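# Examination of the molecular architecture
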Amino acid sequence: AFSLPGKPAACGGAVSTNCRAGRSSGAFRSLMARSRFNLVLRGDSPSSRRLYDGVAAGALSVLISDELWSVGLPFPCLVPWRKIAFTIAERPFLSSTGAAAVVGALDKLSPASLGRTQRLANRFRRDLIWNTNGSRVAENLLITAALRCLPAHVVRRAAARAAALAAAL
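Residues numbered from 1 in each chain as written. Predicted model: local features only at pLDDT ≥ 70, side-chain atom pairs only at ≥ 80, totals over all residues. Heavy atoms only, no water.

## Concerning the overall build of the protein chain
A tally of helices and strands in the protein chain yields eight helices and three strands. Seen in sequence order, the protein chain has helices and strands lined up from the N terminus as α-β-α-β-α-α-β-α-α-α-α. Every one of the 169 residues in the protein chain was classed for burial, and the buried ones make up 34%. Taking the intrachain contacts of the protein chain between residues at least 6 apart in sequence as the baseline, contacts between residues at least 24 apart amount to 46%. When the accessible surface of the protein chain is summed, it comes to about 10,100 Å², and 57% of that surface belongs to carbon and sulfur atoms. (Helix = DSSP H or I, 4+ residues; strand = E, 2+ residues; numbered from the N terminus. Buried < 20%, exposed > 50% of the residue type's maximum accessible area, 1.4 Å probe, protein only. Contact = heavy atoms within 4.5 Å. Areas by Shrake-Rupley, 256 points an atom, 1.4 Å probe, with all protein chains shown as cover.)

Next comes the structure, spelled out in structure tokens:
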């Protein structure tokens, strides 16, 4: 059960969006752990912490933001977003009927397809979540900064050196 748009409803069912429980509450964490999907609605900006809440809990991200691809997804060169998340336009979520149709369509996705997406998403969790064992977020920040800020020849040389060092270890 869900409630979009409008007043928050009590948390329950398989969708966690717009519920009254705080993100740090045990009820919210329990709900997220049981959710198959995490609806990532845009906030004041195209991105939202909802994305990270869902990734941390292992729910599949359903990205609902027309601008998220251009400004809001971290590490676009390192994380295969189009393979680990579903993208929906904002327009259907302007009405509860449209939102219900989207959620209904998600329920019709094949278990095999959802399983493949879930396994791949789980492989990239360490690339997005700081407080998980083996997190690669700091490394990804440095790689992204290097790709954006350093001349290409410097990045290629550093990557070759890192590959040689990794092979030697």
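## Considering helix 5 (residues 96-107)
Counted at 1.5 Å a residue, the expected span for helix 5 with its 12 residues is 16 Å, and the 16 Å between its end C-alpha atoms agrees. Where helix 5 is buried, its residues touch strand 1 (37-41), strand 2 (60-64) and strand 3 (85-88). (Expected span 1.5 Å × (residues − 1).)

## Things to note about the pattern of salt bridges
If you walk through the whole model with that rule in mind, you get two salt bridges. We note a salt bridge from aspartate 127 to arginine 136, for which the minimum N-O separation is 2.7 Å. (Salt bridge = Lys/Arg side-chain N within 4 Å of Asp/Glu carboxyl O.)

## Side note on the confidence of the model for the protein chain
When pLDDT is averaged across the protein chain, the result is 81; 82% of the residues are at 70 or more. Of all helices and strands in the protein chain, the one with the weakest mean pLDDT is helix 8 (residues 152-168) (75), whereas helix 6 (residues 111-123) scores best (94). Counted against residues more than four places away or in other chains, residues 1-18, with its pLDDT under 50, gives 47 contacts. (pLDDT = per-residue confidence, 0-100.)

## Some remarks on the pairing of strand 2
Regular strands have side chains that alternate between both faces of the sheet. Across the five residues of strand 2, five count as buried, placing the element largely inside the fold. Neither face of strand 2 is exposed, since Leu60, Val62 and Ile64 on one face and Ser61 and Leu63 on the opposite face are all buried. Where strand 1 meets strand 2, five bridges bridge the pair, whose relative direction is parallel. Paired with valine 40 across the bridge in strand 2 is leucine 63. As defined by bridge partners, strand 2 adjoins strand 3 across four bridges and the pair is classed as parallel. Within strand 3, the residue paired with isoleucine 64 across the bridge is isoleucine 88. (Pairing = 2+ DSSP bridges.)

## A look at the nonpolar core
Counting 31 residues, the largest nonpolar core has Val62, Trp81 and Phe93 as its most contacted members. Looking at this core, the elements that each hand over two or more residues are strand 1, helix 2 (50-57), strand 2, helix 4 (81-84), strand 3, helix 5 and helix 6. (Core = buried A, V, L, I, M, F, W, Y, C linked by side-chain atoms within 4.5 Å.)

## Considerations on the sheet that holds strand 2
An order of 1-2-3 is seen for the three strands of this open sheet, with the pairing classed as parallel. Every interior strand has two partners, whereas the edge strands, strand 1 and strand 3, have only one. Each strand of the sheet is rotated relative to its neighbour by a mean of 25 degrees, with strand direction disregarded. Taken strand by strand, helix 2 contacts strand 1 and strand 2, and its axis lies near 165 degrees from that of strand 1. (Axes fitted to C-alpha atoms, helices over the stretch in contact; angles between N-to-C directions.)

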